[in-house]
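# Reading the structure
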Amino acid sequence: MASRNENWVQISRWFRFRFEYGLLLLLAKLVRGLPRTVSLRFGAWLGRQGYWLLLSRRRLADQNMRLALPELSNAERSENIKKMFEHFGISGFEMLRLNMFRSHSEDLARYFDLIGTEHLKNAYALGRGVLFLTGHVGFWEVGNYTMPEQGFPFDVVAKPMKNPLADKYITCLRESYGARVLDSKKGARRILKSLQEGRGVAILLDQHISPPGAIQVDFFGRKAFTTTAITNMAMKYQVPVVPIFVHRLPGFRYRVSAEPMLLLEDGESPELIFKNTQLLTDKIEAVIREDLTQWFWMHKRWREPRK
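Quantities reported herein were computed from a predicted structural model and do not represent experimental measurements.

This part covers the overall build of the protein. A count of helices and strands for the protein gives 11 helices and nine strands. Its C-alpha atoms give the protein a radius of gyration of 20 Å, near enough to 19 Å, the size a compact globule of 307 residues would have. By principal-axis analysis of the C-alpha atoms, the protein measures approximately 50 × 50 × 50 Å. Within the span of the protein, comprising 307 residues, buried residues form 48% of the whole. Residue pairs in contact within the protein that sit at least 24 positions apart in sequence constitute 76% of those at least 6 positions apart. A distance of 8 Å separates the average location of the 46 positive side-chain charges in the protein from that of its 31 negative side-chain charges.

What follows is about the pairing of strand β5 (residues 200–204). Burial analysis of β5 places five of its five residues in the buried class, the great majority of the element. Sheet topology note: the strand β2 (residues 130–134)/β5 ladder contains five bridges and is parallel. Paired with L131 across the strands is V201, a residue of β5. Where strand β3 (residues 154–158) meets β5, three bridges bridge the pair, whose relative direction is parallel. Pairing of V156 across the sheet is with A202, part of β5.

Next up on the list: unusual backbone geometry. Leaving glycine aside, a negative phi is the common case for residues, and trans is the common case for peptide bonds. Look at the link from P211 to P212: it is a cis peptide, with omega at 15°. Secondary-structure assignment places P212 in the loop between β5 and β6 (214–219). The backbone of H104 shows a phi angle near 55°, a positive value even though the residue is not glycine. Note that H104 resides in the loop between α4 (74–96) and α5 (107–111).

This part covers the nonpolar core. With 44 residues, the main nonpolar core has L131, I191, I288 and W297 as its most contacted residues. Every element with two or more residues in this core is listed here: α3 (55–68), α4, β2, α9 (187–196), β5, α10 (229–237), β8 (241–249) and α11 (270–290). Considering each element in turn, this core owes the most residues, six residues, to α11. In this structure I288 touches V137, F219, F220, W295 and W297, once residues within four positions along its chain are discounted.

Here the focus is helix α2 (residues 36–53). Under the 1.5 Å per step criterion, the end-to-end length of α2 is 25 Å for 18 residues, consistent within 8% with the ideal 26 Å. Within the span of α2, buried status applies to R36, S39, L40, G43, A44, G47, G50 and Y51. An end-on view of α2 places all buried positions within 145° of arc, on one side of the element. Opposite its buried face, α2 presents the exposed residues R41, W52 and L53, each directed more than 90 degrees away.

Definitions and cut-offs
Residues numbered from 1 in each chain as written. Predicted model: local features only at pLDDT ≥ 70, side-chain atom pairs only at ≥ 80, totals over all residues. Heavy atoms only, no water. Helix = DSSP H or I, 4+ residues; strand = E, 2+ residues; numbered from the N terminus. Rg over C-alpha atoms; globule rule 2.2 N^0.38 Å. Buried < 20%, exposed > 50% of the residue type's maximum accessible area, 1.4 Å probe, protein only. Contact = heavy atoms within 4.5 Å. Lys, Arg positive; Asp, Glu negative; His and termini not counted. Charge placed at Lys NZ, Arg CZ, Asp CG, Glu CD. Pairing = 2+ DSSP bridges. Core = buried A, V, L, I, M, F, W, Y, C linked by side-chain atoms within 4.5 Å. Expected span 1.5 Å × (residues − 1). Arc of directions from axis to C-beta.

Scope: geometric values only; no functional claims are made or implied.
Listed below in structure tokens is the structure:
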């Protein structure tokens, strides 16, 4: 009986994955077939509908924002969350168009304001690889285009999607310009290999990670488990850390801002690891506060580790 149930689960998953993948391909064909501006406006509209349809996500976003920013009124939170849903509707459609930016063309200057390029050059010039500190801010995926286009070898750490067919499709989009996707499950060893090759590696620090690979630091005045991967590697191997964030601008353009590199103090003490992890977390919080509507408030950032 158990074997029969397992077979049924596998068959059911097989059909579900293919159904979801088929819907993804249909949506992508629509999104990619429309002019960019029309497509992204459609994404904004769909995002606004998500505010009303995705009730559990909306409640989670409201709870997160209420606890993180108690000074905001109910009306202010509601307005910010509506704009956040709209923003991620746009970002979702832009993701499906990610490989439609033209390589070695005027698209880089046409759609992007690049700030702090000298900081990238200085960090790469050290020859130790670069750890990019970033988060679920703005349209972070666009680094897969802008970094290789500027001549910077670039990888990004990502968690595989549950649907392997969709995961393969999205990975192809991310790797279209020469960036590489590193499976987060393979951990530090894969990241170190990229760094040894002189590549930059982007890690999103603003997501829950359970111990032992994480510690609690303050994030918007609340304790949040945060990976120590960047801190440990940067300290041990003296790899420069470059904070970099992408904000969407009016007219469906983007500002890519790189800050001066950080060289974290060498050491292995828990106190120093905490200090540096807190420092990096504070960087992300400061950027989120610049525009509350472009951070992913609807994910479970503050939670207890799994037992």
